[in-house]
Structure formats: structure tokens, C-alpha cells
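# Per-entry structural report
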Amino acid sequence: GKTTTLRVLSTIWQRTTDPGTVQALAPSATAAATLQAALGVPCETTAKWLHESTGPAAEQRAQMLQVATAARTAAGTALARDLIVEQQRWTLPQGGLLIVDEASLTDTRTLAELARQADAAGARVLLVGDPAQHDPVGAGGAFGMLARHTRHAELARHHRYTHTREAQATLRLRNGDPAALHDYITHHRMHAAPTGTHPGAERDHILDAAVTAWAADQAAGKQSLLIAADTTTATDLNARARTTRVAAGQVSAQGLPLRDGTTAGIGDLIRTRHNTRGLTDTAGHWIRNGDPLHVATLLPDGSLIARRTTPPPDGREPAAVHLPAPYVAEHVDLGYALTTYRAQSLTTDT
């Protein structure tokens, strides 16, 4: 519902003003790429936008512009023109619309700076998200405050649930109603270690049960994701999921060591953890933090070749990318399990 609404809004805005007057921002590069594809408007991460619009990149361009202008040469004039054009790319258009998606993850200082930029351009800021979801890592609360104390539009219908009770239960859970837990227990949505399980073994039992359920859904052709509350548990789940896949002969036992102490072999699902615009795949797309990839080849120098998980629309093989050894060692994790922070905004079957 949210993305469909934004697509219609951005289309109407550009038809009634000028094309190119809508700019979207998202908390992560992966989310930004998804949003850009869905809306058909430019989309960046909030961090990248601030870095380029008023941060270090903007300051560097301003210094270079001073030097280029003072040179009073043809080369200096050409450089000055390029610098001005580049800065305009990171400036909100007059009377434009700035969409900030997953706004609950945007810290208060960032929201204040974006509001300042919009005010200077006579633009509108549209904050989109759920104040009941995760807060930002930095100082937050502004989005929740705005949702509580100002008029806002709220999507009331749930489109992702086959059963009405599921939609009702998730709303009660979102609002902090403990009665929602009874519904989840009744319909076998919550599972505990069996009565009598040794206290030291309860965690192992729950993690193994989660991986078993995940593996069954994977085998049934579903796209499934293990989600944990903290990094340690996510790493543990990833290691167990890989062990399950090795035992089933789905991935190679031998592999390369990763940042979190796990191993990635041929066939494994991995996720990148660092935006690297200079590192591109065979389709020309750069590597974003959170990109899911399948390992295709392990190389002797510690690097690997991986493929995108989604094939292009024309039916060709998914694009491939060579990840250098330092990147593999420092910025790659197994991708079967994620923390709740990293999973927010992803869509999956189970």
C-alpha cells in the first residue's frame, strides 16, 4: 500500500509541477535502489544526500570552485561550470517534493537539516514510515513526536494478510496489547522449548527449531529469512543454516573466512555490508550495503565471484561481481539471518 501510494503521489506531483521535482531518500542503499525502481524518481540514502549537499563533498566543491574561479582561465571556467552543475544535482529543486522513506530510522538532526534545505527551496518534506518500528541509532524521537502531535495520513487497510485475524493480531501487537500474544500462541505462531528442557539447552533448541522451519520453507520453494534481535544470535543462526545446507549437499564445505567468523562456500547466500560505488557487477550496478549474492567461485587469493540473486527481466543469467579479498574479509556476512534492524523494509515469503 505504501509504495503504491507514493508512486501515484510522485506521478501527480510531477505532472502538476515539473518533471524531476521529486527526490526520495531511504536509510540504506539497498532500500534506496528498491524505492527508486518502484517510484521512478532519483533516490539516495539520507547519509549520502547530506554528505553531498552540505557535508564534506559540498565543502570540497566550494573550495575547488573558489580556486577555479580565481584562475580566470578556460580550464578554470569549465571546471567551475562542472562543479556548479554537480552541486545542483544535490540541491532540492524549487517547489519540489522530498520523500523520506522509513523515516523512523532517520535521526532528529538529519530531519532538521532536511527540513532546513526544503525550507530554503520552498519544497515540501513527506515523511513516510511507522513510528512504532525501530528508532534510529542516533538521537531520535522526532518522527514519533510528529505522528503523535500533528495531522497525518495513515494507511488503514492491510493488503499482505490472507486471514483477517492475522491483520488484527499484528495491529494489536504493534500497539503493545499483550492480548495479541494469545492469538499467536493459539494459531501456533509462537514456539517455546519443550517443558523440562535444561535451561542451558533452551537457546540451542529454539535456534535449531528456527533453522529447521527455515530449511523446510526453503525446500518448499519459499523465500525465507531468519530474523534475530541481536548480531550474536544472527551470526549463530547463519552458522547453523550453513551447516544444514552443507549436510544437504547444497553448498561446499570448504570456503573463505568472513568478518563475523563464519565461512562462505560455493552456493552460499551472502550479504554485503559496505557501500562501494567503485565496485560494480557485470550489469554496471555498484555494490550496496545489504546486497544479497550467491557465491559462484572461490579464488586462491581470498577473493570470490558472486551473482545477484534476482535474474534480469530479459531472462539472462544474474549479473556477477568480483569481490576482492579485503572486501570479503571485512564487509561480507552470510545472508540467511539478519538482525531486525537490517531486515526492516525487506519483503519475504516467511
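Our subject in this report is the structure included herewith. This one's a predicted model, so the numbers in the text were calculated from it and none came from an experiment.

Next up on the list: the packing of helix α8 (residues 164–174) against helix α9 (residues 179–186). Following both chains from N to C, one finds α8 and α9 inclined at 140°, their axes separated by 8 Å at the closest point. On the basis of the axis angle, α8 is oblique to α9. When the axes of α8 and α9 are compared, the crossing they make is left-handed. Contact with α8, carried on its side by Arg165, Ala169, Thr170, Arg172 and Leu173, involves Ala179, Ala180, Leu181, Asp183 and Tyr184 of α9 and no other residues of that element.

What follows concerns the sheet that holds strand β11 (residues 292–298). Spatially, β13-β12-β11-β8-β14 is the arrangement adopted by the five strands of the open sheet, whose pairing is antiparallel. Lying at the two open borders of the sheet, with one neighbouring strand each, are β13 (320–323) and β14 (332–334). Neighbour to neighbour, the strand axes of the sheet diverge by 45° on average, direction disregarded.

Taking 1.5 Å as the rise per residue, helix α4 (residues 56–71) with 16 residues should run 22 Å; its terminal C-alpha atoms sit 23 Å apart, in good agreement. For α4, every residue scored as buried is listed here: Ala57, Ala58, Arg61 and Ala68. With its buried residues spanning 90° around the axis, α4 presents them on a single face. Residues Gln63, Gln66, Val67 and Ala70 are exposed on α4 and point more than 90 degrees away from its buried face. Tucked into the core, α4 has its buried residues touching α3 (46–53) and α5 (74–89). At the C-terminal side of α4, arginine 72 shows a positive phi close to 55°.

Here we have four strands laid out as an open sheet, ordered β2-β1-β3-β4, and parallel in their pairing. Of all strands in the sheet, those bounded by a partner on one side alone are β2 (43–45) and β4 (124–127). Between one strand axis and the next, the sheet turns through 25° on average, direction left out of account. Of the strand pairs in this sheet, strand β3 (residues 97–100) and β4 are connected by four bridges, and their pairing is parallel. In the sheet register, isoleucine 99 faces β4, and the bridge partner there is leucine 126.

Reading guide: rules and limits
- Residues numbered from 1 in each chain as written.
- Predicted model: local features only at pLDDT ≥ 70, side-chain atom pairs only at ≥ 80, totals over all residues.
- Heavy atoms only, no water.
- Axes fitted to C-alpha atoms, helices over the stretch in contact; angles between N-to-C directions.
- Helix = DSSP H or I, 4+ residues; strand = E, 2+ residues; numbered from the N terminus.
- Parallel < 35°, antiparallel > 145°, perpendicular 65-115°, else oblique.
- Left-handed = near helix turned anticlockwise from the far one by under 90°.
- Contact = heavy atoms within 4.5 Å.
- Pairing = 2+ DSSP bridges.
- Expected span 1.5 Å × (residues − 1).
- Buried < 20%, exposed > 50% of the residue type's maximum accessible area, 1.4 Å probe, protein only.
- Arc of directions from axis to C-beta.

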